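# Geometric and topological summary
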Amino acid sequence: MAAVTSITAARKQRVDPLESNIEKLFREARLKLIETGTRNRLVHTPRGAKRARCLPIIGARPDAVFASLAREKKLLRFLAANGLDEAAPEAAGEKIARLVREPDQIGGRSSHANRNGLQTTLAPEFLQKRLHAIYRDAKTAEEERGVNVLFLALGFLRWYEDERSDALREAPLILLPITLVRDGKRSTFDLGFRDDDIASNQALQERLRGDFGISLPDRSGNGQLAAERLF
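Residues numbered from 1 in each chain as written. Predicted model: local features only at pLDDT ≥ 70, side-chain atom pairs only at ≥ 80, totals over all residues. Heavy atoms only, no water.

## Quick notes on the overall build of the protein
The helix and strand tally for the protein stands at 6 helices and 7 strands. Order of helices (α) and strands (β) in the protein, N terminus to C terminus: α-α-α-β-α-β-α-β-β-β-β-α-β. With 231 residues in all, the protein has 39% of them scored as buried. Residue pairs at least 24 apart in sequence account for 69% of intrachain contacts in the protein once pairs closer than 6 positions are excluded. For the protein, the exposed surface amounts to about 13500 Å²; the carbon and sulfur share of it is 49%. (Helix = DSSP H or I, 4+ residues; strand = E, 2+ residues; numbered from the N terminus. Buried < 20%, exposed > 50% of the residue type's maximum accessible area, 1.4 Å probe, protein only. Contact = heavy atoms within 4.5 Å. Areas by Shrake-Rupley, 256 points an atom, 1.4 Å probe, with all protein chains shown as cover.)

## Regarding the confidence of the model for the protein
Averaged over every residue, the pLDDT of the protein is 77; residues scoring 70 or more account for 68%. Mean pLDDT across the elements of the protein ranges from a minimum in helix α4 (residues 93-101), with 48, to a maximum in helix α5 (residues 124-145), with 93. Confidence over residues 85-93 falls short of pLDDT 50; this stretch has 11 contacts with residues more than four positions distant or in other chains. (pLDDT = per-residue confidence, 0-100.)

## With respect to unusual backbone geometry
The backbone phi angle of lysine 73 is positive, close to 55°, even though this residue is not glycine. Tracing the backbone shows lysine 73 in the loop between α3 (62-71) and β1 (76-79).

## Focus: the environment of isoleucine 198
Within the fold, isoleucine 198 resides in the loop between β5 (188-193) and β6 (199-200). By relative accessible area, isoleucine 198 is classed as buried at 12%. Once the C-alpha coordinates of isoleucine 198 and isoleucine 174 are considered, the two residues, 24 residues apart in sequence, prove to be 7.5 Å apart.

Structure (structure tokens):
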């Protein structure tokens, strides 16, 4: 097993002696434009929060989902969970957390067997309510601000703010721009790829660089992100 660098040691190594004054000024200016606090959902995504505007997807392989959406341009349907109590999502927090860790327990099967569907942790009624709310918010943001706020998060980093903290943080790694396609006949939504740049999580990059001296590889091609709705 490879050696693990402690947070203290990483912080001591974070200063780059070869960084020029110009590069330092650009880096500091860029940092001021990016919110790196844990209130930013790109730094910490409260996936089990009571009123979270996100939708956990479980049991799916990221490479297969990426291929279906970005390469094959398929529309993927959201699948409701079987086996969750018909109660508000916040009342089933512990059960949802367990199902995220053990996706095979939902309905007795794993969802990645169906490449055309994305398994969620919500019962049908609450799945539709969540999708309608996300759809309305995204439409409003596009009409009023001209920005897309819908992204599919591929992979999450689980991290702690320091070695003494027991507060687990989770942050998305790769952000895939997506769109919700409404099926008027069935009153359902499908997930489709939006023809924009695929991006790395810049807020997380800056937080890791500033606090721990860790350089997260850049996958971005379009600068700032306004990721407010994460799946």
